[in-house]
Amino acid sequence: MPTLVNYSGDDELYSGSICSGDSGMLFSIGSHADVYCPPRKRSRISGPFVFGEYVFEEEKKKLSIEVLPDECLFEIFRRLPGGQERSASACVSKRWLMILSSVRNSEICKGTEEGSTANKSSNDVEMTSADENEDASGDGYLTRCLEGKKATDIRLASIAVGTATHGGLGKLSVRGSNITRGVTDVGLSAISHGCPSLRALSLWNVPLTGDEGLVEIAKECHLLEKLDICQCPLISNKGLIAIAENCPELTSLSIESCSKIGNESLQAIGRYCPKLQSITIKDCPLVGDQGVASLLSSTSTVLRKVKLQSLSISDFSLAVLGHYGKTITNLVLSALQNVSQKGFWAMGNAQGLQILASLTIASCRGMTDLSLEAMGKGCPSLKQMSLRKCCFVSDNGMLAFAKTAGSLECLQLEECNRITQVGVLAALSDCNSKLKSLALVKCMGLKDRVPQTTMLTPCESLRSLTIRNCLGFGSASLAFLGKLCPQLHHVELSGLCGITDAGLLPLLESCEAGLVKVNLSGCLSLTNDVVLALARLHGGTLEVLNLEGCRNISDASLVAIADSCLLLNDLDMSKCSITDSGIAALSHAVQLNLQILSLSGCSKVSDKSMSSLTKLGKTLVGLNLQHCNTISSSTVELLVENLWRCDILS
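None of these values were measured; they are calculated from a predicted model.

Participant: Whenever I open this one, the overall build of the chain confuses me. Can you help?
Facilitator: For the chain, the helix and strand inventory stands at 24 helices and 24 strands. Every one of the 650 residues in the chain was classed for burial, and the buried ones make up 49%. If you take every contact in the chain between residues at least 6 apart in sequence, the share linking residues at least 24 apart comes to 80%. For the chain, the accessible area works out to roughly 31400 Å², and carbon and sulfur atoms hold 52% of it.

Pasting the structure below:
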């Protein structure tokens, strides 16, 4: 302080402004006050300098990694030491995520982490995360599915980066697409870069994805085994040819409603995919005989399953199929409008389908009686046969087929309106005692009359009989049919308004083995007598009983069920005339262990059944109380609270 007071140096006092020639500083504050600062000492100023009437702020240039171009960030990201670091970086921004997703697994520097630990002492314990071990394996253990609004490129990029360190993505399914930000080639490219272990890819209704994305998948995912593309209008032969040339492990291919895929891609599949076992082609207008024939002839040594639907192929393709299909075990032909009787006849007589076990033919005008007989002769190993909407097949064809199909175990006829009781009974008696299941659905040729012939042999092998929505089928036909099926375990007679107790009781009495599953839904004329007989004759074996819509069934049936059906676990009494008394009788059953009970539409069941339902709920896992208008919401809430392990619908 004395020095400052007695100062008499050479420094001059400047007023009003600052002179840059001296180390001392003078600040002018306002227009009259001068402040002196000692010389040879520089002030550290972090705030703005005020000189007179001017304000100067120190400009600090803010440096950020964001100023780097994508190429530099790419080089940085591929040198990150582990999967955790890559995942954390992907969370910073969309830009970082997309750049990270563009880094192929083969481009990641594997030696980065080794360099960071090279200077560790040999006595140190090296800790390795589980993520890093899985990153090394990348065997494709994970499955991801995106549907609707969740299907975007950003989510696919996240999956590509995140799954790489958790075992690798093995199966990806994209169902639908976001309307504004749908899946494009960018998203598929991200998957291809980060998921080389991908083995199954399914694309359904993805209109913005084209060949570029599929080409990237082909280049990187050489382990791809299953490809399913449906309603992808931008995918053409180019993308599928790339898959064929780069994915030799392909075993299953499904193409549906892809308007740009044609014969060239199928030829490539047949040429480059020697392991193909399953092929499905549906509603592809550019696919014709050339592509199908080339594919079938090239993969004849391994192909097991073939489905051709709504294609513009002719008799030639079916002839090739019959000749080269030596390994085919499952065949579906549907809506082939250009195939005539000649094509099916040629397929059967080619004698190539020797091990065919399952055959489904639907909506094919070329399937006639002659065609059906040829198929029976040419497929000696056929076990399952399904004919749907084959309007030219009649009893004559069914008779010929039943005599030649010696291995047939399951027969389903749907909307084959020329087939009558004669054809059905022929199938039962002539299938060499191997037929185990018979299903008749919407066959309007079945009428309620008894055939004249009486020389029919009972079908001892039949275990399952299904007759559904055959409006002409009545009690007389059912009583006659029941006598031919003494070993039934499963009976479904649904939607048959014409059958009565008189028709069903003979079938119940003739079943010697004991019925296990019985479905009588929609049989409006049945009464309690049927249920009483069912409980008396088959109560020791019955497990599933469906009486939905049988409006004449009342509490007496529930009493009989409670007393005799000890193994029953699934009971459907929807829209029946049962009351609280019937539910109470059911709850008092000593050994009954119901798991599923449906009372939907039972208007006479009220809140009084609360205690009975609670008692039944000790074993229930499913309870349907929908449309029970006399059961209050408060009762339902109490049931939900008390029966915590039971799924209640109300």
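Participant: Would you explain empty space enclosed by the protein in this entry?
Facilitator: If a probe the size of a water molecule is rolled over the atoms, the empty space left behind becomes visible. In this structure the tally under the stated criterion is five cavities of 30 Å³ or more. Each pocket or cavity is described by its volume, and for the largest cavity that value is around 120 Å³. R86, L100, S101, V103, N105, I108, A160, V161, A164 and G194 together form the lining of the largest cavity. Of all elements in the fold, only α4 (94-101) and α7 (153-163) reach the threshold of two or more residues within the lining of the largest cavity. Its residues placed into classes, the lining of the largest cavity shows six nonpolar, three polar and one charged.

Participant: I'm lost on the state of the cysteines in this one. Help?
Facilitator: Covalent bonding between the sulfur atoms of two cysteines defines a disulfide. All chains considered together, the criterion is met by zero disulfides. Summary of cysteine pairing: C497 is not part of a disulfide, and the nearest cysteine sulfur, belonging to C523, is at 7.7 Å. What makes C497 partly exposed here is its relative accessible area of 47%.

Participant: Please explain the pattern of salt bridges as it appears in this structure.
Facilitator: Applying the stated rule across the entire model yields eight salt bridges. Here E256 and K282 are joined by a salt bridge, their closest N and O atoms 3.4 Å apart. You can see E256 sitting in strand β9 (residues 252-256) and its partner K282 sitting in strand β10 (residues 278-282), a full 26 residues away along the chain. Judged by its relative accessible area of 24%, K282 falls in the partly exposed class. Across the pair E492 and R468 runs a salt bridge whose closest N-O atoms are separated by 3.0 Å. Of this pair, E492 sits in strand β18 (residues 490-494) while R468 sits in strand β17 (residues 464-468), and the two are 24 residues apart along the sequence.

Participant: I would appreciate a short explanation of the packing of helix α10 (residues 237-246) against helix α11 (residues 263-272) in the present structure.
Facilitator: Helix packing for two helices is described by the angle between their axes and how far apart those axes are. Where α10 contacts α11, the axes come no closer than 8 Å and their chain directions differ by 0°. Judged by the inter-axis angle, α10 sits roughly parallel to α11. Where α10 approaches α11, its residues N237, L240, I241, A244 and E245 are matched on the opposing element by E264, S265, A268, I269 and Y272. Residue composition of the contact of α10 with α11, grouped by class: six nonpolar, two polar and two charged.

Participant: Just checking my understanding: could you explain helix α8 (residues 185-194) for this structure?
Facilitator: Structural remark: α-helix, 3.6 residues per turn; residues separated by three or four positions point the same way. Of all 10 residues making up α8, nine are buried, and the element is well covered by its neighbours. Those residues of α8 not exposed but buried are D185, G187, L188, S189, A190, I191, S192, H193 and G194. Residues of α8 that are buried in the fold lie against α4, α7, β6 (169-175), β7 (200-204) and α9 (211-220).

Participant: Explain unusual backbone geometry here, please?
Facilitator: Residues apart from glycine generally show negative phi values, whereas peptide bonds are mostly found in trans. Within the chain, Q351 stands out as a residue other than glycine whose phi angle is a positive 60°. Counting through the fold element by element, Q351 comes out in the loop between α14 (341-349) and β13 (358-362). On the basis of relative accessibility, which here comes to 42%, the residue Q351 falls in the partly exposed class. Phi at E415 takes a positive value of approximately 55°, unusual for a residue other than glycine. Looking at where E415 falls in the secondary structure, it is placed in the loop between β15 (410-414) and α17 (421-430).

Participant: What exactly am I supposed to notice about the packing of helix α18 (residues 475-483) against helix α19 (residues 501-510) here?
Facilitator: Interhelical geometry of α18 versus α19 gives an angle of 5° and a closest axis separation of 7 Å. Between α18 and α19, the angle is such that the two are roughly parallel. Side by side, α18 and α19 meet where S475, L478, A479, G482 and K483 of the first sit next to A502, G503, L504, P506, L507 and S510 of the second. The residue makeup of the contact of α18 with α19, split by class, is six nonpolar, four polar and one charged.

Participant: What is the right way to look at the environment of L428 in this model?
Facilitator: By the element assignment, L428 lies in helix α17. The residues touching L428, leaving out its near neighbours within four places in the chain, are L435, L438, C459, L462, L481 and C485.

Participant: Hey, could you run me through α19 in this one?
Facilitator: Burial in α19 covers these residues: D501, G503, L504, L507, L508 and S510. The elements touched by buried residues of α19 are β17, α18, β18 and α20 (528-538).

Participant: Teacher, can you tell me more about the pairing of strand β8 (residues 226-230) here?
Facilitator: Both faces of the sheet carry side chains from a regular strand, because those side chains alternate between them. Taking burial as the measure, the five residues of β8 include four buried ones, the bulk of the element. A crossover connection joins β7 to the parallel β8 through α9; in handedness this β-α-β unit is right-handed. By the bridge criterion, five bridges tie β8 to β9 in an arrangement that is parallel. When the bridges of β9 are listed, L227 appears paired with L253. Crossover β8 to β9 through α10 is right-handed.

Participant: Sorry if this is basic, but what is going on with the pairing of β10 here?
Facilitator: By the criterion of burial, β10 is predominantly enclosed, with four of the five residues buried. Sheet analysis places β9 next to β10, joined by five bridges and oriented parallel. Its bridge partner being in β10, S252 is matched across the sheet by S278. Traced from β9 through α11 to β10, the parallel crossover comes out right-handed.

Participant: Sorry if this is basic, but what is going on with the side chain of R78 here?
Facilitator: Here R78 lies in the loop between α2 (70-77) and α3 (83-90). Looking at R78, its side chain comes within polar contact range of the side chain of E75, at 2.9 Å. Discounting chain neighbours no more than four positions away, the residues touching R78 are V103, E107, I108 and C109.

Participant: Is there a simple way to think about the environment of N417 in this case?
Facilitator: If you trace the backbone, N417 turns up in the loop between β15 and α17. When the C-alpha atoms of N417 and C390 are compared, they prove to be 8.2 Å apart, with 27 residues separating the residues in sequence. Each residue touching N417, except ones within four places of it in the same chain, is listed here: K442, C443, M444 and G445. A polar atom in the side chain of N417 sits 3.1 Å from the backbone nitrogen of M444.

Participant: What should I look at first to understand the confidence of the model for the chain in this one?
Facilitator: Detailed reading of predicted coordinates is not advised where the pLDDT is low. Taken as a whole, the chain shows an average pLDDT of 84; of its residues, 84% reach a score of 70 or greater. Between residues 1-37, whose pLDDT stays under 50, and residues either more than four places distant or in other chains, the model counts 35 contacts. For residues 112-138, every residue scores under 50 in pLDDT, and the model assigns this stretch 18 contacts once sequence neighbours within four places are set aside.

About the cut-offs
- Residues numbered from 1 in each chain as written.
- Predicted model: local features only at pLDDT ≥ 70, side-chain atom pairs only at ≥ 80, totals over all residues.
- Heavy atoms only, no water.
- Helix = DSSP H or I, 4+ residues; strand = E, 2+ residues; numbered from the N terminus.
- Buried < 20%, exposed > 50% of the residue type's maximum accessible area, 1.4 Å probe, protein only.
- Contact = heavy atoms within 4.5 Å.
- Areas by Shrake-Rupley, 256 points an atom, 1.4 Å probe, with all protein chains shown as cover.
- 1 Å grid on protein atoms, 1.4 Å probe; cavity = no way out; pocket = protein on both sides within 12 Å on 5 of 7 lines; lining within 4 Å.
- Points joined across faces, edges and corners; volume = space filled by probe spheres on them.
- Nonpolar A, V, L, I, M, F, W, Y, C, P; charged D, E, K, R; others polar.
- Disulfide = S-S within 2.5 Å.
- Salt bridge = Lys/Arg side-chain N within 4 Å of Asp/Glu carboxyl O.
- Axes fitted to C-alpha atoms, helices over the stretch in contact; angles between N-to-C directions.
- Parallel < 35°, antiparallel > 145°, perpendicular 65-115°, else oblique.
- Right-handed = clockwise from strand over helix to strand, strands pointing away.
- Pairing = 2+ DSSP bridges.
- Polar contact = N/O pair within 3.5 Å; in protein donor to acceptor, adjacent residues only side chain to side chain.
- pLDDT = per-residue confidence, 0-100.

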